[in-house]
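One-letter residues, chain by chain:
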Amino acid sequence: GFSKNFNRHWNYTIALQYKLLQSTQKLSKDTVNNATNNFINYYPGATTTKVNNTMHWLQIPILLQYTFNPKSSNQWMFNIGSSVAYSLYNNWLIVDKNNNTYYFNKTNNNHLFINLQTGLSFKHKQQYSIALLAEKSITPIHKQVATKQYFTQFSLQFSKFLNTKK
């Protein structure tokens, strides 16, 4: 990534990240086979099948950071910003609340996401940092569906800085 200081307290960072997003749900399974449809519906029920949701993202976060103790070699920072993410692979269940069902339909998956982020980070001697971030998508996971779903996630990120010679 890239980092630029405005003054001793404020800076911004831009980076390129890869993220793997996953969740597992336990749902009942109903297969529909007729002349027009051949698909599987999932729904809450007594018998359960594990269903995996998976998404691979390339993400560019832009964070504004405030350093509480800029003169220290161990710095604490507050982060706030946004990111844009492109989904390389998206296999996430669509929720149909009207019929109380869940189903896969890759044609309704969004591939471009805009997210808001905030959190705290700790930087040690300009060598590495550890951040705890909360992120909320403002772009729904699926397009053209009645029930909109959005990502809300927490992440623990570790960064190792590469020093470049000037």
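First things first, this report covers the structure right here in the doc. Not measured: the values here are computed from a predicted model.

**Considerations on the overall build of the protein chain**
When its secondary structure is counted, the protein chain shows zero helices and 11 strands. Its C-alpha atoms give the protein chain a radius of gyration of 20 Å, more than 25% over the compact-globule value 15 Å for 166 residues. In terms of overall dimensions, the protein chain has C-alpha extents of about 70 × 30 × 25 Å along its principal axes. Within the protein chain, the proportion of its 166 residues that are buried is 37%. A total of about 10700 Å² of accessible surface is found on the protein chain, and carbon and sulfur atoms cover 57% of it.

**Topic: the side chain of Asn109**
Turning to its location among the elements, Asn109 is positioned in the loop between strand 8 (101–103) and strand 9 (112–124). Separated by 2.8 Å, the side chain of Asn109 and the backbone oxygen of Asn90 make a polar contact. The residues touching Asn109, leaving out its near neighbours within four places in the chain, are Asn90, Asn91, Trp92, Ile141, His142 and Lys143.

**Let's talk about unusual backbone geometry**
Even without being glycine, Lys125 reaches a positive phi, approximately 45 degrees. Mapped onto the elements of the fold, Lys125 is located in the loop between strand 9 and strand 10 (128–137).

**Focus: the packing of aromatic side chains**
Taken as a whole, this structure holds 10 aromatic pairs when the rule is applied. Taking the centre distance of 5.3 Å and the plane angle of 35 degrees together, the rings of Trp57 and Phe113 count as tilted. Taken together, the residues span a long stretch of sequence, with Trp57 in strand 5 (residues 49–67) and Phe113 in strand 9 at a distance of 56 residues. Three or more aromatic residues joined by ring pairs form one cluster here, namely Trp57, Trp92, Phe113 and Phe151.

**Section: the environment of Gln59**
Here Gln59 shows up in strand 5. Along the sequence, Gln59 and Lys19 sit 40 residues apart, while their C-alpha atoms lie 7.4 Å from each other. Leaving out residues up to four positions away in the same chain, Gln59 has contacts with Ala15, Leu16, Gln17, Lys19, Ser83, Val84, Ala85, Asn115, Gln117 and Glu135. Of the polar contacts made by the side chain of Gln59, one reaches the side chain of Ser83; its length is 2.6 Å.

**A look at the layout of surface pockets**
The computed volume of the largest pocket comes to approximately 1200 Å³. Together, 39 residues line the largest pocket, and Gly1, Phe2, Ser3, Thr13 and Phe161 are the ones closest to its centre. Those elements that place two or more of their residues in the lining of the largest pocket are strand 1 (2–5), strand 2 (10–14), strand 5, strand 6 (74–91), strand 9, strand 10 and strand 11 (152–160). Taken together, the residues of the lining of the largest pocket sort by class into 14 nonpolar, 20 polar and five charged.

**What about the nonpolar core?**
Here is a general trend for soluble globular proteins: nonpolar side chains tend to be buried in one another's company. Within the largest apolar cluster, eight residues are counted, these being Leu21, Met55, Trp57, Ala85, Trp92, Phe113, Ile141 and Phe151. Leave out the neighbours within four places in its chain, and Leu21 touches Asn53, Thr54, Met55, Trp57, Trp92, Phe151 and Gln153. Counting six residues, the second-largest nonpolar core is a separate cluster that includes Leu27, Tyr42, Val51 and Val95.

**Brief notes about the pairing of strand 2**
Where burial is concerned, the two faces of strand 2 differ: the one with Asn11 and Thr13 is buried and the one with Trp10, Tyr12 and Ile14 is not. Here four bridges tie strand 1 to strand 2, and the two strands are oriented antiparallel to one another. Among the inter-strand pairings, Phe2 is bridged to a residue of strand 2, identified as Ile14. Taking the residues that link successive antiparallel strands as the turn, the strand 1-strand 2 hairpin has four residues. Pairing analysis gives five bridges linking strand 2 to strand 5, with the strands arranged antiparallel. Looking at strand 5, one finds that Asn11 is bridged to Gln65.

Calculation rules
Residues numbered from 1 in each chain as written. Predicted model: local features only at pLDDT ≥ 70, side-chain atom pairs only at ≥ 80, totals over all residues. Heavy atoms only, no water. Helix = DSSP H or I, 4+ residues; strand = E, 2+ residues; numbered from the N terminus. Rg over C-alpha atoms; globule rule 2.2 N^0.38 Å. Buried < 20%, exposed > 50% of the residue type's maximum accessible area, 1.4 Å probe, protein only. Areas by Shrake-Rupley, 256 points an atom, 1.4 Å probe, with all protein chains shown as cover. Polar contact = N/O pair within 3.5 Å; in protein donor to acceptor, adjacent residues only side chain to side chain. Contact = heavy atoms within 4.5 Å. Phe/Tyr/Trp six-rings, centres within 6.5 Å; stacked < 30°, edge-to-face > 60°. 1 Å grid on protein atoms, 1.4 Å probe; cavity = no way out; pocket = protein on both sides within 12 Å on 5 of 7 lines; lining within 4 Å. Points joined across faces, edges and corners; volume = space filled by probe spheres on them. Nonpolar A, V, L, I, M, F, W, Y, C, P; charged D, E, K, R; others polar. Core = buried A, V, L, I, M, F, W, Y, C linked by side-chain atoms within 4.5 Å. Pairing = 2+ DSSP bridges.

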